[in-house]
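Geometric and topological summary
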Amino acid sequence: MTFRRISIITTICFFAIGLLVSQVNAFEGSYKVGAVFSVTGRASFLGDPEKKTVEMLAEKINAAGGINGKKLELIIYDDEGDATKCNLAVKKLITRDKVCAVIGPSLSGLSLAVIPVAEKHKIPLVSCAASYKIVYNEKTGKPYKYVFKTPQSDSMAVEAIYKHLKNKGINKIAIISVTSGFGASGRSELIRLAPKYNMNIVADEKYGPKDTDMTAQLTKIKGKTPAAIISWSIGPTQVTVTRNWRDLGMTGISLYQSHGFGSRKNIKLAAGAAEGVFCPLGACNIAELLPADHPQKSVTTDYLKNYTAKYNEPLSSFGGHGWDALMLVSKALESVGCDKAAIRDYIENKKGFVGQHGLFNFSPDDHNGLTQEAFQMVIVKGDDWALVD
Amino acid sequence: MSADIEENVLELQGVVMTFGGLMVLNNLNFKVRRGTIKAIIGPNGAGKTTLFNVITGSFSPTEGTVMFKGRPIQDLKAHKIAYQGISRTFQTVELFGNMTVLENVMLGCHTRVRTSFMASGLVLPQSRRKEKRIRESALKILKFIGLADKFKDSADSLPLGEQKLLEIGRALASEPELICLDEPAAGLNETETHLASSLIKAINAKGTTVLLVEHDMKVVMNISDEILVLNYGQKIAEGPPEDVRNNPGVIDAYLGGVA
Amino acid sequence: MEKITLASQLLQYLITGLTVGSVYAMVAVGFNIIYNVTEIINFAQGEFVMLGGLTMVSLHVAMGLPIILAFPVTIVLVTVIGILIDRFAICPIRRPSVLTLIIATIAVSIIIKGTASFIWGKNPFDLPAFSGRNPINILGAVVQPQYFWVIGFLVITAIALSIFFDRTIIGKAMRACADNANAASLVGINVKKMILLSFALSAAIGAVAGIAITPISLMEYDRGAMLAVKGFGAVILGGLGSFPGAILGGLIIGSIESFGAGLVHSGYKDAFALIVLLVILFFKPSGLLGNIEISRIKRF
Amino acid sequence: MLRIAKLPIAVFALFIIIFPWIAHQIPTIEHYPDIMVFAGIYCLITIGLSLLMGYAGQISLGQAAFFGIGAYISGILTANYGMNAWACMVIGMAVAAAVAALVGTPSLKLKGHYLAMATLAFGIIIFIIFNEEIEWTGGPDGMSGIPGLSLLGFEFDSVESYYYLVWGFVLVAFIFTVNVIQSGTGRALRAIHASEPAASAMGVDVSKFKIIIFVYSAVLGSLAGSLYAHYLNFINPSTFDLFFSIKLLIMIALGGMHNIWGAIIGACLITFLSYEWLHYFEEFEVIVYGAILLFVTVLLPDGLAGVPGIVKGWFRR
C-alpha cells in the first residue's frame, strides 16, 4: 500500500515538474537554426538520416570554428510525421527559440502545412521535401516568398525516367505506387507528365506502406503486358516489389524505381533481385561513380566518407537533402548574419551552390534551383549502381 | 367481452418458446385476473424465468400470443412493454450499481416523463421541473419500501435483502398495472422474507396486479390468490393455493425433480 | 513476354492471399489463446511477430547461428518477453476492466516498438529464405518456396495446438480456465499460471509467424501494429475465441485483399476486407464460427 | 454521487481565461496557449467520447473518422468552393450526425470487442477514402490553403483569439454534457452501462439512447475537426488515422472514464506530453510515453480524475 502511495505521489510530482521543466538554450553569440524532421514515425526513413546528417554537419562546422567565429546552434524537433506536431514545432522554433531560419520538414505534406506559418512570421524555411507545390503557389504562379526546398522535384525524376523510356522506344507502361505521400505525389506526376512523353499507362496499381506482398498487383500488371513498370515507393515495400517482380518472372518488363530506391541498402535487401533495375539518382548516391572532374565529386565523396564512418550505415538520398539545406543556410548566415529578410534574399539570389544533389541556382522564380541534370539514370549491376550510358 | 378484458389483465394463449430445438415453454395458456397475486412455481428448469422474459419482452415467443389489457404485446420490445404498464424485477439482482438508491428509483420513473436530450443539455425549465417531480415521487416510494434513510447510498453497498426491496421499489416507480417479481425472497433470511411478503401484499392492496415466481412455498402459500405450476415448460396445475397443495401431479413433479 | 491467362492470374491471387492470410491467421490464433483464458485482446500481439522476425535476423544473419538453432532460440526469447508482459503489465492491474487491459496492452506495444527501434534501428532487415528463392511454376502461377513454409507453419501450428488443447493435461486445464475461471480454480487449477502460459504460447506463435514472413516481406520495428489490426479483424470475422474461426478469418481476409487488389482496385483493397467484415458482423454479430454465448462478453 | 459541483467549473473557466496572460509572463511557457488550442480541440472530441464510453459504456475505435469528416468537409467546401466557414461547420456536423446514425444503428447492436472492431473498421475505411480520393482531398499529401475563421469582420488569426474561440466551444460543450449527465438522459445512460436488461425493463429504449450519444459524440468530433482545419489551414489523412483513435482512447483512460473531468484532464495531459514535455527524452520519447501509460493504467484504474478520491481516502483513515 505504501509503495502504491509513493508511486502515485511520484507520478504527480513528475507531471508537476514536467510542467515547469524547460530547455535552457541561451548560448550568447550563437547562430540558432531550427530543424524539424520526421525522425520517428511513419517517415523515419527520411527524418532519421536527415537528422544524423545535419548533426554531423553542424559538428563539423563548429569544429572548424563556427560561422564568423560564432557557434552554429542547431535545435532539432521531431514531428513524428504528424501535421499538428510539425506545425507546433515550427511555431515554437520561431516564437520561443527565436531561430534565424528553419530547415525541414521532411515530408511534402507537412511542408505544405507550415508554409503559412513561415510566410506569416517572415522566416526563411528550407524544406527537405520533394513536391513542387512547396515552391509553387498555385494562386499566384510564383514561389512563396520565404519558402525554399533542396530536393529535386518529383517531376524531375519522372522526366528523367520518361526520357530514358522514350530513348529505348518504350511507351506502354504500368505504374505501381505506395499509398503514402511519397507514392501519391510521384503517381500524380507520372500521370500528369505522361501525355508530354506520349506514354500510355495501362495499369495503375497501389499498395499500403505496411503491406507484406505485392504479388497480386504485379500479376494484374503482368496480364496487361506493359513494356516497363515504374514503381514509386519508399521503405521496405519497394524491395518487396522488386523481389515479387523477379519471382513472377517479369524481368522481360523493365522495372524502374523512383529515386526513393536510392540507397545501396535496398540493393542488398533485394538479395540479388534488383539486378537490372533502373532508377534516377542524385549525385550524392553515386559519389564514387562520378568522374574526378565532376563539380560535386569532392563534396559528395566527403559526405559519403564521413557519414558511413560516423553512423556505420549506408547512405540514403535523403540525408543529402538535409546537408544541402543546412549548408545553404549556414552560407547565408556567414554572409548576412542572423537577419531573416537578408537570409531570404541571399538564398533567393544564390547561384552555383554545390550541394549533394546538384548545382543550385536560385532565382525569384525558382526556389528550388535545380534542373533535370540533378538526376542521372543508373542501373543496378552486380550489387552496385552503374551509370547508364 | 369488455368485462373479460377488465377482469384479466394478462392472458397467454398457446405460447411456445424454443431455443435451438429445445422447447422451454410448451403451449402455455393462462390468465391473470386484475388486482390479484398470482404465483408461478415449479422445479428448476421448468421455464419460469423464460416465461417472465417472454411476458416482459426480453424474448419474443416462438409461437402464441401474449395479451395485455386485451392487446397483443408479444412482438413488442422490452422498453415498449414497460410503457404499456408492465414492470419487473430480476432473479439475480440487476440494480444499477453505479448509481445511488434514489437514482435507481428515479430511473424507474423513466416511462412517466419524456426525456429529451436537447432539453436536458440546455437545462430548460420544463426538464428541471420534471426532474423535481420525479425526485419527490421516488422519495415517496423509498419511504414506502422503507429505504428512505439510505437514499444517498450507492446501490452496490446495500445488503442483499435491501437490494431486493430496492429492485421492487424501482419496479413500482413506473406505476405499473402488472408487476412481475422474479424470486423476491431468494437468498433472504426469515425477517427479510417476512418484510418482502408484507411489502408485496401492500403493493397488491394498492391495486397493482402481481405476478410472482418464487421457490419459498411459505411465501407463495401465504400471499397468492392463485398458483400456476409449471414443469418442463408445461402447465400441470392451476388454481387457489389449497387446491394446488393437494394436487398429486404437483407433488409428483416436485419429488421427481428432487430425485 | 508471354501472356498470362486469367486462370493463372486467379490462381496467383489465391496463393498470395492464402500466404498473407496465413500470417494473419497465426496472429489471430495468438489473440485467441490469450483471449480464451483472460478475455484480454492483446494489442501487442503484432509486436511478437516483429520481435520474432528481427530476433531471428540478429541470431541467424548477424551472429551466424544456423537456422536449426536460431529458430528455437528466437522462439524462446520472444516467449520470455510474452511472460514478462504478463508479469509486469497484466498481472499487477488491480481492477481490470476491459478498457484498462486494452490500454495496458497498447502501452506494452508502444514500449516494445520503442525498444525495438532502439535495438535494431529503423531500417528493414532481410532473412534468407529457408529453401532458396527459386520460384516454382504451378499452372502458370509463380510460387516462392517460402510461401509453402508460411502455409506449412500455419498447418503445423494448428495441429500442434489442437493436440495440445485436446490431449495434454495442461491444455485441458487452459480450456477449463477459458470456460470458467472460478470453477477451474476450485478444482485446483492455478489460473494465474494458465494466464502466464497463454501469454507465453501466443508469443511463441507470434514469433513463428514473424520468422516465416520476414524472408518475404522484410521486417522493421513498426510492422507490428498493422499486423495486429489485421489479426484482430481475422479473430472477429471468425468469431472471438474460436480457433478454426481465427484460421478461416485470416485466410478470408488475406484472400479478399489479394483478389480485391487484383480484380477491382488495389488502392481500396484493405477497405474491401473491412467492408466484408462489417457486413458479416451486421448479419451475424458473433462472427462466422463464433458462439453466441462467447460473444456475450463483458461490458467496457 | 454524480453531482458535478459548480465551483470547480467556475475555477476551471477562470483558469482558462487567465492562462494566456500567465503564459505570457513566463518566457519558457510562452508558446503554451498554442498547444492549448489543440488540447481544447481534442477536449471537444473526448467530452463526447467520454459520454459514450464512460457513461453509456460503448467503445468506439473510429472516433478519428468523425474528426476527419468535419475537417475535410470544412476544408473542401471553404478552400475549393469558397463557402462560408461557419455554414460548412454546420454542414460538417450534420453529415457526421447522419453518418453516425447510419453506422451506429447496426454497429451499436454489437457488444464489446465486436463493437470495437466494427468502429475500428469504419475508421480505417474512412481513412482510406481520405487517402484515395485525391481529387477531393488531395490524397496523402493533404490539402492546404484552408482559410482561417472570421466573424463579423473579426479575424481569428492570432493564437489568443483562436484559443478563446476553441475553449469557448469546449466550455459550452462541457456544460451541456454535464447537464445531460445530471438529467434523466444521463441516468438512463448509466443504467444502460450497468445493466441493459434492467434498463430496458424500466422502459429505457437502449438502442435509441446509444445512437443519440453516438451521434452527439460524432457531432462534437466533427466540430473539433472543423476548428482544427481552420486553425492549421492544412489537413492530411494521417491526422485522422487509427492511431489517433487509439490516442483518444488513451486520453479517456488516462484522465478517467467515469468522470467527465477525466476527458479534459486526459486530453490536456496527452497533448502536452506528446507535443511538449516528452521532447526532452528524444529517442526514448516513445518508450517513456508507453511507460507512463502503463504506470497510470496499473496504478490508477480510475485515471487521474480518480486521484482526488484516493487522496481523500488516505485522510479519512
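The rules behind each value
- Residues numbered from 1 in each chain as written.
- Chains lettered and ligands numbered in written order.
- Predicted model: local features only at pLDDT ≥ 70, side-chain atom pairs only at ≥ 80, totals over all residues.
- Heavy atoms only, no water.
- Phe/Tyr/Trp six-rings, centres within 6.5 Å; stacked < 30°, edge-to-face > 60°.
- Helix = DSSP H or I, 4+ residues; strand = E, 2+ residues; numbered from the N terminus.
- Lys NZ or Arg CZ within 6 Å of the ring centre and 35° of its normal.
- pLDDT = per-residue confidence, 0-100.
- Contact = heavy atoms within 4.5 Å.
- Disulfide = S-S within 2.5 Å.
- Buried < 20%, exposed > 50% of the residue type's maximum accessible area, 1.4 Å probe, protein only.
- Buried area = accessible area lost by both parts, 1.4 Å probe.
- Salt bridge = Lys/Arg side-chain N within 4 Å of Asp/Glu carboxyl O.
- Polar contact = N/O pair within 3.5 Å; in protein donor to acceptor, adjacent residues only side chain to side chain.
- Nonpolar A, V, L, I, M, F, W, Y, C, P; charged D, E, K, R; others polar.

Concerning the packing of aromatic side chains
All told, the structure shown has 51 aromatic pairs over all chains when counted by the stated rule. Ring geometry for F31(C) against F232(C): centres 6.0 Å apart, planes inclined by 45°, an arrangement best described as tilted. Taken together, the residues span a long stretch of sequence, with F31(C) in helix 1 (residues 6-38) and F232(C) in helix 9 (residues 224-238) at a distance of 201 residues. Among the aromatic residues, those joined into a ring-pair cluster are F38(D), Y42(D), F67(D), Y72(D), F130(D), Y162(D), Y228(D), Y231(D), F240(D), F244(D) and Y275(D). Over the ring of F90(B) we find R88(B), and its NZ or CZ is 4.2 Å from the ring centre. A cation sits over an aromatic face here: K208(D) above F209(D), 5.7 Å from the ring centre.

Observations concerning the confidence of the model for chain C
Regions with low pLDDT carry predicted coordinates that are not meant to be interpreted in detail. Residues and elements named next belong to chain C. Averaged over chain C, the pLDDT score is 87; the fraction of residues at 70 or greater is 96%. Within chain C, helix 12 (residues 292-295) has the poorest average pLDDT of any element, 46, and helix 2 (residues 45-62) the best, 94. Confidence drops under pLDDT 50 across residues 293-300; counting only partners more than four residues distant or on other chains, this segment forms 25 contacts. Across the interfaces of the predicted complex, the ipTM metric reaches 0.86, alongside a pTM of 0.88.

Observations concerning the arrangement of the chains
Where four pairs of chains are in contact, the pair with the most contacts is made of chains C and D. A gap remains between chain A and chain B, which never touch, and the nearest two C-alpha atoms on either side lie 23 Å apart. If you take every C-alpha in chain B and every C-alpha in chain C, the smallest gap between them is 12 Å, and the two do not touch.

Quick word on the state of the cysteines
Summed over all chains, the structure comprises one disulfide over all chains. The residue that forms a disulfide with C100(A) is C338(A), at a sulfur-sulfur distance of 2.1 Å. As the torsion about the S-S bond is roughly -110°, the C100(A)-C338(A) disulfide counts as left-handed. With C100(A) in the loop between helix 3 (83-95) and strand 3 (101-103) and C338(A) in the loop between helix 11 (317-336) and helix 12 (340-348), this residue pair connects regions lying 238 residues apart in the sequence. Cysteine C86(A) shares no disulfide, and the gap to the nearest cysteine sulfur, in C128(A), comes to 11 Å. We classify C86(A) as buried; its relative accessible area is 0%. C109(B) carries a free sulfur, and the closest cysteine sulfur to it, the one in C180(B), is 18 Å from it. Look at C109(B) and you get buried, because its relative accessible area is 1%.

Details of the interface of chain A and chain D
In this complex, chain A contributes 46 residues to the contact, which on the side of chain D involves 47 residues. Here chain A and chain D share an interface that buries about 4000 Å² over both sides, 60% of which is from carbon and sulfur atoms. Of the charged contacts, one joins E132(D) and K206(A) as a salt bridge, the two residues approaching to 2.4 Å between their closest N and O atoms. For the interface between chain A and chain D, the tally reads eleven residue pairs in polar contact (both at pLDDT 80 or more). Those elements that provide at least two residues to the side of chain A that touches chain D are helix 1 (2-20), strand 2 (71-78), helix 3, helix 4 (108-121) and helix 6 (181-193) of chain A. Looking at the side of chain A that touches chain D element by element, the count peaks at eleven residues for helix 1 of chain A. Here the side of chain A that touches chain D is built from residues that sort into 17 nonpolar, 15 polar and 14 charged.

Examining helix 8 (residues 184-194) of chain D
All names here are of chain D. A large share of helix 8 lies buried, amounting to eleven of its eleven residues. Along helix 8, the positions that sit buried rather than exposed are G184, T185, G186, R187, A188, L189, R190, A191, I192, H193 and A194. The opening residue of helix 8, the one whose side-chain oxygen lies 3.1 Å from the backbone nitrogen of T185, is S183.

Here we look at the interface of chain D and chain C
With 44 residues of chain D in contact, the opposing surface of chain C contributes 50 residues. Taken together, both faces of the contact between chain D and chain C bury some 4200 Å²; the carbon and sulfur share is 79%. Of all residues in chain D, H113(D), Y114(D) and M117(D) give up the largest surface area on contact with chain C, accounting jointly for 20% of the area buried on that side. Summed over the shared surface of chain D and chain C, the result is three residue pairs in polar contact (both at pLDDT 80 or more). Per element, the largest residue contribution to the side of chain D that touches chain C is 13 residues, and it comes from helix 5 (residues 112-132) of chain D. Partitioned by chemical class, the residues of the side of chain D that touches chain C number 31 nonpolar, eight polar and five charged.

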